[in-house]
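Take a look at the letters that make up each chain.
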Amino acid sequence: MKLLVRNLARTLTEAELKALFERFGDVSDCTLVMDEHSGESKGFGFVEMPSYDKARKAMFTLNGKLVERKPIKIRQAD
């Protein structure tokens, strides 16, 4: 299941985002969307987990949680 994760702190790294979701199961892909001009994070990314059930658990548990003082928003990616 591919998840869209929004409202991320610009300082959060891909490794930190991946580690956040790995508490719930395997993460097959994790990508932060970067601004091509500044090289900084745009504040959102994608996490893909092979287990649908574990991805849903991560989504419902982490949605709205504070990560670096920002409430993250998570939904299933289209």
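The structure under discussion appears in the preceding block.
Calculation rules
Residues numbered from 1 in each chain as written. Predicted model: local features only at pLDDT ≥ 70, side-chain atom pairs only at ≥ 80, totals over all residues. Heavy atoms only, no water. Phe/Tyr/Trp six-rings, centres within 6.5 Å; stacked < 30°, edge-to-face > 60°. Lys NZ or Arg CZ within 6 Å of the ring centre and 35° of its normal. Helix = DSSP H or I, 4+ residues; strand = E, 2+ residues; numbered from the N terminus. Buried < 20%, exposed > 50% of the residue type's maximum accessible area, 1.4 Å probe, protein only.

Trainee: Hey, could you run me through the packing of aromatic side chains in this one?
Mentor: Counted according to the given criterion, the structure contains one aromatic pair. Geometrically, the ring pair formed by Phe44 and Phe46 is edge-to-face, given 6.3 Å between the ring centres and 80° between the ring planes. The positively charged end of Lys2 is found above the aromatic ring belonging to Phe46, 4.9 Å away from the centroid.

Trainee: Quick question: what am I supposed to make of unusual backbone geometry here?
Mentor: Most of the time, phi is negative for any residue but glycine, and the peptide bond is trans. You will see that Asn7, though not glycine, has its phi angle at about 65°, which is positive. Looking at the secondary structure, you find Asn7 in the loop between strand S1 (2-6) and helix H1 (14-22). A positive phi angle, near 55°, is found at Glu68, a position not held by glycine. When you line up the elements, Glu68 lands in the loop between strand S4 (66-67) and strand S5 (70-71). On the accessibility criterion, Glu68 (38% relative accessible area) is partly exposed.

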